[in-house]
Amino acid sequence: MKKVLTGLQPTGEITLGNYIGAIKPMTKLQDEYDSYLFVADMHSITVAQNPKELRNNIKKLLALYLACGIDPNKNTIYIQSENEYHTNISWLLECTTYFGELSRMTQFKDKSKKNANFSCGLFTYPVLMAADILAYDIDYVPVGIDQKQHVELTRDIADRFNKKYGDTFKLPEPLISESGTKIMDLTDPIHKMSKSGDNEKGIIRMLDEPEVIRKKIMGAVTDSEATVKFDMENKSGVSNLMNIYSAITGKTNEEIEKEFENCNYGEFKRSVADVVVAEISAIQEKYYKIINGNELDEILDKGINITRKIAKEKYEDMKNKMGLGR
Ligand code: ATP
Ligand code: LTN
């Protein structure tokens, strides 16, 4: 059985963008693949985190995974920092990765601009991500388009290691959701909807109250043309709402254009709000049961036992091939 793996960072309350780009695809893939889903808490500390909030966000993210339809019987679910072999493997990979390669990563370039005192971890972030993937001989990595470059780097690192030390890693492929959907900020639709963003009006959070969600969608930026037509370049606001509608209903852009042919933007937005609220309300209902229950610990214990064993074996193999230790 082929393997898929992905992770999300507990950097804030997750958004509709995270759900559409990363979690929803996993709820489909889990039926066909041996699936691994983790919380990338080690990645989250590459930028400053408040410890209390971080711990809380980790738990919330795990509960949301389950509430969104991730089945613990079909997935190995775990917390990255509980498996020390990820960082062990990462160090070995760092020593086979070039400074120049990491300097070219667009996420690093963007995030390092935001804070002059950025951490070294922000720079080596993609190598830890490579370790997360390569430890388990993963075939496919479902991620949003913004993470594609990191998966490609992972392939380069793995290929170089294999050539230097002998066959060790499987080369993973990024799996970008069908339309390559990147959900944009509702009020600034040329920038992605990001969970660590602070423009709350443009971000739909998975735990927002239904009325708040409705208000945010009704207030989304559109244009003066008043036709529901997909054109990301010139009509980014409307196209973004179409992407959201499409991701939830499964309808194509052509079908959506036809459905709203004679409608104004107000009517279109109301329909988008209806489907989003229906989907998110069902998730929230499950979420509150899970967060107040005690099933998470058992799932995480099982996940860490499985993954630690696999990652340890890979680490020992790497160390051995590199001539480390006795
Ligand atoms: P941060 O604000 O901390 O950078 P983020 O919201 O960008 O967080 P990540 O934790 O970096 O989210 O990403 C989790 C997953 O969700 C990744 O696979 C990423 O590609 C996907 N993703 C994030 N934002 C969006 C979006 N707006 N549309 C589609 N997919 C997204
Ligand atoms: N960098 C990713 C989170 C992440 C990840 C991974 C995704 C860390 N390790 C391994 C896929 C595979 C992000 O910010 N979305």
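Use the structure listed above.
Here's a quick rundown of the structure. (Residues numbered from 1 in each chain as written. Chains lettered and ligands numbered in written order. Predicted model: local features only at pLDDT ≥ 70, side-chain atom pairs only at ≥ 80, totals over all residues. Heavy atoms only, no water.)

Interaxial distance between helix α9 (residues 210-218) and helix α12 (residues 265-291) falls to 9 Å at its minimum, and their mutual angle equals 150°. Classified by the interaxial angle, the pair formed by α9 and α12 is roughly antiparallel. The two elements α9 and α12 meet at a crossing, and its hand is right-handed. Every residue of α12 that contacts α9 at P210, I213, R214, I217 and M218 is listed here: G266, K269, R270, V272, A273, D274, V276, V277, I280, S281 and Q284. (Axes fitted to C-alpha atoms, helices over the stretch in contact; angles between N-to-C directions. Helix = DSSP H or I, 4+ residues; strand = E, 2+ residues; numbered from the N terminus. Parallel < 35°, antiparallel > 145°, perpendicular 65-115°, else oblique. Left-handed = near helix turned anticlockwise from the far one by under 90°. Contact = heavy atoms within 4.5 Å.)

Pairing between strand β4 (residues 140-143) and strand β5 (residues 173-176): four bridges, direction parallel. Bridge pairing in β5 places P142 opposite L175. This β-α-β element, β4 to helix α8 (residues 148-165) to β5, shows right-handed connectivity. (Pairing = 2+ DSSP bridges. Right-handed = clockwise from strand over helix to strand, strands pointing away.)

Here D132 lies in helix α7 (residues 120-134). In sequence terms D132 and E279 are 147 residues apart; their C-alpha atoms lie 31 Å from each other. Once residues lying within four places of it in the same chain are set aside, the contact partners of D132 are L5, F38, H43, Q80 and H86.

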